[in-house]
Amino acid sequence: MSMAGQPAPQRQVFLDRLRALLTVLVVVHHAAITYGAAGDWFYRERAVDGSPASLLLTFVCAVNQAFFMGMFFLLAGYFTPGALQRKGPGRFLRERLVRLGVPVLVFGCLLGPLTVQLARGVDVAQLQWHFFPAQGWNFVMGPLWFCWALLLFSVAFVGLELARVRVWLDAVPGTATWIGSAVGVGLAAFVVRLVFPVGDNVVGLQLGYFVSYVFLFAMGCMAARHRLLER
């Protein structure tokens, strides 16, 4: 890579603020599920009961789900090409394995199973620290699915880069392109969800959501060279 070893570009404050806002929405989303919205989470204070409060919280989650994780993937894709060019494939993948893979393993093997036990009402003094399947250990992906998905996306991007499959956006797409993309993503998501309904997990991922995630990560990667988000 010709840019390997170059310093990282100057931080963009508006992107940091956007990521902070999206992180707040993640907390709001799971708090809503805890207190009555439809969805999957470790602990529920209140079940989905059709009450006005439950319906309102479900509506909040539905609107949130339509964009907030997709925006995370868009931003992740936006910073991926530059990081790969600065570091080269080997260092890039090693750092991704540490920054993404290690948290997945720690949570899945330790924190996730302990969280499940606490959510079931197990007393802290009686927590069972399982590490091996013979002892009843169960890998729990939980919210670290995002790190796992991002690690897979990063490996795929490196593979495409090494194969010299490169597509870049030279300008912000027009309205017709956005409408066509929205229709295409919607139709593709409909087809995928016929095979993988929402709630079905495959290797820790709900593939029913992933058409838009893949599209937005790819859009972020394609927009990176000409800094289209800043424009």
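Here the structure is a predicted model, which is why all the values come from computation and not from measurement.

The rules behind each value
- Residues numbered from 1 in each chain as written.
- Predicted model: local features only at pLDDT ≥ 70, side-chain atom pairs only at ≥ 80, totals over all residues.
- Heavy atoms only, no water.
- Core = buried A, V, L, I, M, F, W, Y, C linked by side-chain atoms within 4.5 Å.
- Buried < 20%, exposed > 50% of the residue type's maximum accessible area, 1.4 Å probe, protein only.
- Helix = DSSP H or I, 4+ residues; strand = E, 2+ residues; numbered from the N terminus.
- Contact = heavy atoms within 4.5 Å.
- Patch = residues over 30% accessible without salt bridge, like charges linked within 9 Å, V, L, I, M, F, W, Y side chains within 5 Å.
- Areas by Shrake-Rupley, 256 points an atom, 1.4 Å probe, with all protein chains shown as cover.
- Salt bridge = Lys/Arg side-chain N within 4 Å of Asp/Glu carboxyl O.
- Expected span 1.5 Å × (residues − 1).
- Arc of directions from axis to C-beta.

S.K.: Break down the nonpolar core for me, citing the residues and quoting the values.
M.R.: The biggest cluster of nonpolar side chains holds 37 residues, and the ones touching the most others in it are Met69, Phe73, Phe146, Leu150, Phe210 and Phe217. Residue assignment for this core shows that the elements contributing at least two residues are α1 (13–34), α3 (68–119), α4 (145–162) and α6 (210–224). Top element by residues in this core is α3. It accounts for 14 residues. Once residues lying within four places of it in the same chain are set aside, the contact partners of phenylalanine 146 are Met69, Phe72 and Phe73.

S.K.: Kindly report on a nonpolar patch on the surface, identifying the contributing residues and their values.
M.R.: There is a patch of nonpolar side chains on the surface, built from Val24, Val28, Leu56, Phe59, Val60, Val63 and Phe67 and spanning about 600 Å² of accessible area. At the level of secondary structure, the elements contributing two or more residues to the nonpolar patch comprise α1 and α2 (52–65). Counting residues per element, the nonpolar patch draws most heavily on α2, which supplies 4 residues. Mapped onto the secondary structure, valine 63 falls in helix α2.

S.K.: I'd like a description of the pattern of salt bridges, backed by residues and values.
M.R.: For the structure shown, the criterion picks out 6 salt bridges. With a shortest N-O distance of 2.9 Å, arginine 91 and glutamate 95 are connected by a salt bridge. Residue arginine 91 and its partner glutamate 95 are located together in helix α3, separated by 4 residues, close to a single helical turn. You can call arginine 91 partly exposed: its relative accessible area is 40%.

S.K.: Give a description of helix α5 (residues 175–195) that names residues and reports values.
M.R.: With 21 residues, α5 should cover 30 Å at 1.5 Å per step; its first-to-last C-alpha distance of 31 Å lies within 8% of that length. Those residues of α5 not exposed but buried are Ser181, Val185 and Ala189. End-on view of α5: buried residues confined to an arc of 65 degrees, all on one side of the axis. In this structure, α5 carries Ala176, Ile179, Leu187, Phe190, Val191 and Leu194 as exposed residues pointing more than 90 degrees from its buried face. Contacts made by the buried residues of α5 are with α6.

Remember, this is a structural readout, not a statement about activity or role.
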